[in-house]
Amino acid sequence: MVKGRLEAFSDGVIAIIITIMVLEIKVPHGFNLAALRPLIPVFISYVISFIYIGIYWNNHHHLLQAVRHVNGRILWANLHLLFWLSLIPFVTGWMGENNFAAMPVALYGTVLLLAAIAYFILTRTLILHHGSDSALAIAVGGDSKGKISLVFYALAIPLAFVNSWFACALYVLVAVIWFIPDRRIEKTLIS
């Protein structure tokens, strides 16, 4: 199967996720800047999640540039990733509405962890389909950024019950690690 439908569907779902997140930010009833103050945690959680969704979209795009075709297993692995990403608006809203309380922050991290695992599964499924000597396999290599991310998420989830701000700092740290697009695939495809 050609990869175009998978890319188009994924792009559409990601666009809807971003739209849902911004629609969750309720317009205040006041007319001055003080009316915006209660929205600060909601806006901060939105910004973090928008960056995460952008990182996933960017890396998903790079990942699929190294792919020639897909099969049913790849379609299901991609849907698995999109499922976890589709929960980000819910946990984003819950975390922001509750001023970064422990349980919402921990659940946010759980969704991020499961999305990262799903991305790992998608990557491995693509490599399995295209071969261990494919450009994708060479580009992904040992995937140290992916493994570090999983560790940070796993640490942040229980840390949320000790200090939710430290847990959020780990989430931001992972986003910073991934913010600059992974150039391994581009370099491998150009070579």
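Residues numbered from 1 in each chain as written. Predicted model: local features only at pLDDT ≥ 70, side-chain atom pairs only at ≥ 80, totals over all residues. Heavy atoms only, no water.

Chemist: Explain the packing of helix 5 (residues 102–130) against helix 7 (residues 144–159) residue by residue, including any values.
Modeler: The geometry of a pair of packed helices is captured by two quantities: the angle between their axes and the separation between those axes. Packing of helix 5 against helix 7 leaves a shortest axis separation of 9 Å and a crossing angle of 160 degrees. With respect to helix 7, the element helix 5 is oriented roughly antiparallel. Crossing angle aside, the handedness with which helix 5 passes helix 7 is left-handed. Contact residues: helix 5 offers A106, G109, T110, L112, L113, A116 and I117, while helix 7 offers L150, Y153 and I157. Residues that form the contact of helix 5 with helix 7 fall into these classes: 8 nonpolar, 2 polar and no charged. (Axes fitted to C-alpha atoms, helices over the stretch in contact; angles between N-to-C directions. Helix = DSSP H or I, 4+ residues; strand = E, 2+ residues; numbered from the N terminus. Parallel < 35°, antiparallel > 145°, perpendicular 65-115°, else oblique. Left-handed = near helix turned anticlockwise from the far one by under 90°. Contact = heavy atoms within 4.5 Å. Nonpolar A, V, L, I, M, F, W, Y, C, P; charged D, E, K, R; others polar.)

Chemist: Talk me through the side chain of S10; I want residue IDs and the actual numbers.
Modeler: One can find S10 in helix 1 (residues 4–23). Using a relative accessible area of 0% as the deciding quantity, one classes S10 as buried. Looking at S10, its side chain comes within polar contact range of the side chain of N78, at 2.7 Å. Apart from the residues lying within four places of it in its own chain, the contact partners of S10 are H60, N78 and L82. (Buried < 20%, exposed > 50% of the residue type's maximum accessible area, 1.4 Å probe, protein only. Polar contact = N/O pair within 3.5 Å; in protein donor to acceptor, adjacent residues only side chain to side chain.)

Chemist: Just give me the short version of the packing of helix 1 against helix 3 (residues 72–86), but keep the residues and values in it.
Modeler: Two elements in contact, helix 1 and helix 3, have axes separated by 10 Å at closest approach and are oriented at 5 degrees. By the angle between their axes, helix 1 is roughly parallel relative to helix 3. Residues L6, F9, S10, V13, I14 and I17 of helix 1 form the contact with helix 3, whose participating residues are I74, L75, N78, L79, L82, L85 and S86. Across the contact of helix 1 with helix 3, the residue classes break down as 10 nonpolar, 3 polar and no charged.

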